[in-house]
Structures are given as structure tokens and as C-alpha cells.
Amino acid sequence: MSLITMLKPELTLAKQNIVSKKRALENIASAVSDRLHCDKNAIYSGLLSREKLGSTGIGEGIAIPHCRLESANHAAILVMSLEEPIDFDSIDRKPIDLIFALIVPPNECDAHLSTLAQIAQLAQSPNGLNSLREAQTDELLFTAFKQLLQG
């Protein structure tokens, strides 16, 4: 599953004013539910269930909330930057300001793991992450992420 083919402008949200992990997950569920035509409560519940297993805050200011969703007919990725970093129970105990949310149907689980690995690998590019953090509009964030994926 290629991140670049999953990337959609309507799921690229820059400088969101979100104050908590719960609100972040709610916003993700709301945005993704429109795109996947799925129930936002089911998405929120899936993301929350995954977080209860262990935080998806991977460090370096990044979180990758994700879940499998029975009602999803295809995978979706949401890219979000935050105005101010929030506590996400990250492994490095630092707040996060970049979110890469992944929602996948059950039949794409193997691809899901490789997609998570691709996102985690982006964390190794401080310059790329800075370009995402500096993007002030949804369009600029979309362009910066697309350029980061194209290397």
C-alpha cells in the first residue's frame, strides 16, 4: 500500500487547534468518516481501543493512531499538524504535533503493517518533519508531505 496513492487533500489538515489526545482522535474520526462513508463513532472507538493497548506516540513529536475497521472499503491516511503540541503518552514522553492516522479494512492488514513502517521511517528525516511542521495551510501540508514521500 503506497502512502502517496493514499494521500488525499481533504485528509490533510494543517495547524489544527486541538488540546488533547481525545479531541485529536475525535477530529480524526470525524474527518475520515466523511471520506470512507463510515460511522465516525466506529472509527473513534477503533482508534481508542488501539490506544488502550499502548500509545501510538512513537516519539520525535509524532503519533500514528491506527485501527482496522470492518466497514471500511479501502484504506485511508490522515495527515494533521497541530498549532500547539499535546500530550499523547508518547514513548519518549514528549508532546506530539504531527499525526499520521491510518484506517484500514481487515483484508489489508499485511499492507497496513508495511504502511505503518513507511510512516515510522519518515520520522528519521528531521528536515522533512520540519517542512511538515512549517506548513501553515492544508495545501502546503499536502504538498510538503507529498514531496517528503517522493524523496
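Residues numbered from 1 in each chain as written. Predicted model: local features only at pLDDT ≥ 70, side-chain atom pairs only at ≥ 80, totals over all residues. Heavy atoms only, no water.

Caption draft 1: Summary view of the pattern of salt bridges. For the coordinates displayed, the defined rule picks out 6 salt bridges. Residue Asp89 is joined to Lys21 by a salt bridge in which the shortest nitrogen-to-oxygen separation is 3.4 Å. Of this pair, Asp89 sits in the loop between β5 (76-86) and β6 (96-104) while Lys21 is found in helix α2 (residues 21-36), placing the two residues 68 residues apart along the sequence. A salt bridge links Glu26 to Arg23; its shortest N-O distance comes to 2.7 Å. Of this pair, Glu26 and Arg23 both sit in helix α2, 3 residues apart, which is roughly one turn of that helix. Because the salt bridges share partners, they merge into one network encompassing Lys21, Glu51 and Asp89. (Salt bridge = Lys/Arg side-chain N within 4 Å of Asp/Glu carboxyl O. Helix = DSSP H or I, 4+ residues; strand = E, 2+ residues; numbered from the N terminus.)

Caption draft 2: Quick peek at the side chain of His66. Looking at the element boundaries, His66 is found in strand β4 (residues 66-68). His66 sits in the buried class, given a relative accessible area of 11%. A polar contact is formed between the side chain of His66 and the side chain of Arg50, at a distance of 3.3 Å. Polar side-chain contacts of His66 include one of 2.7 Å to the backbone oxygen of Ile64. (Buried < 20%, exposed > 50% of the residue type's maximum accessible area, 1.4 Å probe, protein only. Polar contact = N/O pair within 3.5 Å; in protein donor to acceptor, adjacent residues only side chain to side chain.)

Caption draft 3: Quick peek at the packing of helix α5 (residues 126-134) against helix α6 (residues 138-150). The contact between α5 and α6 brings their axes to 8 Å, and the two run at 165°. Relative to α6, the element α5 is oriented roughly antiparallel. Handedness of the crossing formed by α5 with α6: left-handed. Taking contact as the criterion, the partners of Gly128, Ser131 and Leu132 in α5 are, on α6, Leu141, Ala144, Phe145 and Leu148. Of the residues contributing to the contact of α5 with α6, the split by class is 5 nonpolar, 2 polar and no charged. (Axes fitted to C-alpha atoms, helices over the stretch in contact; angles between N-to-C directions. Parallel < 35°, antiparallel > 145°, perpendicular 65-115°, else oblique. Left-handed = near helix turned anticlockwise from the far one by under 90°. Contact = heavy atoms within 4.5 Å. Nonpolar A, V, L, I, M, F, W, Y, C, P; charged D, E, K, R; others polar.)

Caption draft 4: Representation of the confidence of the model for the protein chain within the structure. The share of residues in the protein chain with pLDDT of 70 or more is 97%, and the mean pLDDT across the chain is 91. Mean pLDDT across the secondary structure elements of the protein chain bottoms out at helix α4 (residues 109-122), with 75, and peaks at strand β1 (residues 12-16), with 97. (pLDDT = per-residue confidence, 0-100.)

Caption draft 5: Geometry of the nonpolar core. One finds Ile28, Val32, Ile43, Leu78, Met80, Ile99 and Ile103 to be the most contacted residues of the largest nonpolar core, which totals 28 residues. Secondary-structure elements contributing two or more residues to this core are α2, α3 (40-53), β5 and β6. Setting aside anything within four residues of it in sequence, one finds Met80 in contact with Leu13, Gln16, Ile18, Asn27, Ile28, Asp97, Leu98, Ile99 and Leu141. Grouped together as the second largest cluster of nonpolar side chains are 25 residues, Leu7, Ile64, Leu116 and Leu141 included. (Core = buried A, V, L, I, M, F, W, Y, C linked by side-chain atoms within 4.5 Å.)

Caption draft 6: Here's a closer look at α2. Taking 1.5 Å per residue, 16 residues should reach 22 Å; α2 reaches 22 Å between its end C-alpha atoms and fits that length. Of the surrounding elements, those touching the buried residues of α2 are β1, α3, β5 and β6. Among the residues trailing α2, His37 stands out with phi positive, at a value near 55°. (Expected span 1.5 Å × (residues − 1).)

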